[in-house]
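For reference, the chains in residue letters:
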Amino acid sequence: SQYSAVDTNPLSVYIMQPIWNKIIKIVPLWIAPNLLTFSGFGMILFNYFLISFYDWDYTASGTSPGLVPTWVWLFSAFTTFCAYALDSIDGKHARRTHSSTPLGELFDHGLDSWATSIFVLSFFSVCSRDNGKTGVSVYTMYIYLSIVLFNFMCSHWEKYNTGVLFLPWGYDISQVVLIAAYLLTSAVGVEVWQKPLLFGYYITDVLVILLIGFSLLLSFPQTLYNIHRAHLKKTLKNDSLYEGLLPLVSPLLLFVLLTAWVVLSPSNILAKQPRLFLWMVGVAFSNVTCKVIICQMSSTRPELFHWFLFPLALVVYAAISGLLGWLEEAVLAVLTALVTACVGRQLSEHLNIYIFSLKKRVQE
């Protein structure tokens, strides 16, 4: 299917696009677009592991001065900007080199579905988890991550129904906010997150309120409006309501199962292993979303239940019923490794062997 995307965000259209159009001129023509996509992803992944090294349990920024070196925050701002830039120019570069393929689009969106959670999980290290005085509770982190992932899902669900990817406004704004947050932290230290900003509210509170407001008042209504408009114009790809809602079943069940585990875990698994659990949430979500992206691109029907929901349901039942006992953390680690490997395999499977070169391109 022909790739069709619409970007109406003023920040993107008037400020960022002119910058990307200048940057793209520097990229040599022999570089494969997928290499740009992957390089950006590789940078944020490396940055995530770097932050994890200094701050495994999200407590390093809760002390003054913070335990994460200043250069790490500067590096985070740099990698976030590079990933943002590369993700914005890979499509332009593909058109420049006449190498746009559905595979490239799938690779781009597939990596985005994974990167979305990594951006959020890296950011949590800036504000630290709740230590009684400052910070964000691990439950807030879980809700925050779920909302961001839900927003990402919505734009692809919208494309599944309308055939057009309306680029969410939140994306450009969140990238700019992230870069600013890292720069601010490197300039004045983590203390800035530990002092109330306005009326006793902390910067983190303001960001959470903005995110929830953005999602519920802007992104989601916009999605429903675009689908409704397509319905009126009779351009909807799916006639029945059941077909239209089908891609949402697995992500919603995924959220229900994960939330049940978070709330009912006897050992309070999220508080014990926040980084591991939230990483698992991100990759599980990416697994489910990749399926929707593939269906949306190939105009096929998604299955009602994603395969991952079955092992997850078993693990969640075993955990909350107390069957796992002290093994809960170990089982979480195994499940996380399994689902991470699956995302990796899924992304590589849908790419031909010449993913990072322009040689012998698949003829459309």
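Just so it is clear, the model here is predicted, and its values are computed rather than measured. (Residues numbered from 1 in each chain as written. Predicted model: local features only at pLDDT ≥ 70, side-chain atom pairs only at ≥ 80, totals over all residues. Heavy atoms only, no water.)

Student: Just give me the short version of the UniProt feature "transmembrane region" (unreviewed entry) in the chain, but keep the residues and values in it.
Tutor: Residues annotated by UniProt as "transmembrane region" (unreviewed entry) correspond here to residues 26–50, 70–86, 136–154, 166–187, 199–220, 241–264, 276–294 and 306–324. In residues 70–86, the share of helix is 100% and the share of strand is 0%. The end C-alpha atoms are 25 Å apart. Across residues 166–187, the secondary structure splits into 86% helix and 5% strand, with the terminal C-alpha atoms separated by 35 Å. (UniProt positions renumbered as here; feature names shortened; annotations may be inferred. Helix = DSSP H or I, 4+ residues; strand = E, 2+ residues; numbered from the N terminus.)

Student: Mind laying out the pattern of salt bridges, listing which residues take part and the relevant values?
Tutor: For side chains bearing opposite charge, pairing can occur when the charged atoms are close. If you walk through the whole model with that rule in mind, you get 3 salt bridges. Here Lys-272 ties to Glu-329 by a salt bridge, and the two come within 3.3 Å at their closest N and O atoms. Of the two residues, Lys-272 sits in helix 9 (residues 269–272) while Glu-329 sits in helix 12 (residues 328–349), which places them 57 residues apart along the sequence. With relative accessibility at 47%, the residue Lys-272 sits in the partly exposed group. (Salt bridge = Lys/Arg side-chain N within 4 Å of Asp/Glu carboxyl O. Buried < 20%, exposed > 50% of the residue type's maximum accessible area, 1.4 Å probe, protein only.)

Student: Give me the packing of helix 6 (residues 169–188) against helix 7 (residues 203–232): which residues, what numbers.
Tutor: Contact pair helix 6 / helix 7: the axes reach a minimum separation of 11 Å and the direction vectors enclose 170°. With respect to each other, helix 6 and helix 7 are oriented roughly antiparallel. On helix 7, the residues touching Trp-169, Gly-170, Ile-173, Val-177 and Leu-184 of helix 6 are Ile-203, Leu-207, Phe-214, Leu-218 and Gln-222. Classifying every residue of the contact of helix 6 with helix 7 gives 8 nonpolar, 2 polar and no charged. (Axes fitted to C-alpha atoms, helices over the stretch in contact; angles between N-to-C directions. Parallel < 35°, antiparallel > 145°, perpendicular 65-115°, else oblique. Contact = heavy atoms within 4.5 Å. Nonpolar A, V, L, I, M, F, W, Y, C, P; charged D, E, K, R; others polar.)

Student: Describe the layout of surface pockets, listing the residues and the values that go with them.
Tutor: Counted as a void, the second largest pocket has a volume near 330 Å³. Along the walls of the second largest pocket sit 16 residues, with Ser-146, Phe-150, Pro-251, Leu-252 and Phe-255 positioned nearest its centre. For the lining of the second largest pocket, the secondary structure elements donating two or more residues are helix 5 (138–162), helix 8 (241–264) and helix 10 (274–298). Here the element with the most residues in the lining of the second largest pocket is helix 5; it accounts for 7 residues. A class-by-class count of the residues in the lining of the second largest pocket yields 15 nonpolar, 1 polar and no charged. (1 Å grid on protein atoms, 1.4 Å probe; cavity = no way out; pocket = protein on both sides within 12 Å on 5 of 7 lines; lining within 4 Å. Points joined across faces, edges and corners; volume = space filled by probe spheres on them.)

Student: Quick one: what's the story with the confidence of the model for the chain, residue by residue and with numbers?
Tutor: Across the chain, the average pLDDT comes to 86, with 94% of residues at 70 or higher. Taken element by element, the predicted model of the chain shows its lowest mean pLDDT in strand 1 (residues 5–6) (70) and its highest in helix 11 (residues 309–320) (95). (pLDDT = per-residue confidence, 0-100.)

Student: Lay out the nonpolar core with the relevant residues and their values.
Tutor: Core analysis: the biggest nonpolar cluster contains 92 residues, and Phe-123, Trp-261 and Phe-277 have the highest contact counts within it. Once residues lying within four places of it in the same chain are set aside, the contact partners of Trp-261 are Ile-269, Phe-277, Met-280, Leu-312, Val-315, Val-316, Ala-319, Ile-320, Glu-328, Leu-332 and Leu-335. (Core = buried A, V, L, I, M, F, W, Y, C linked by side-chain atoms within 4.5 Å.)

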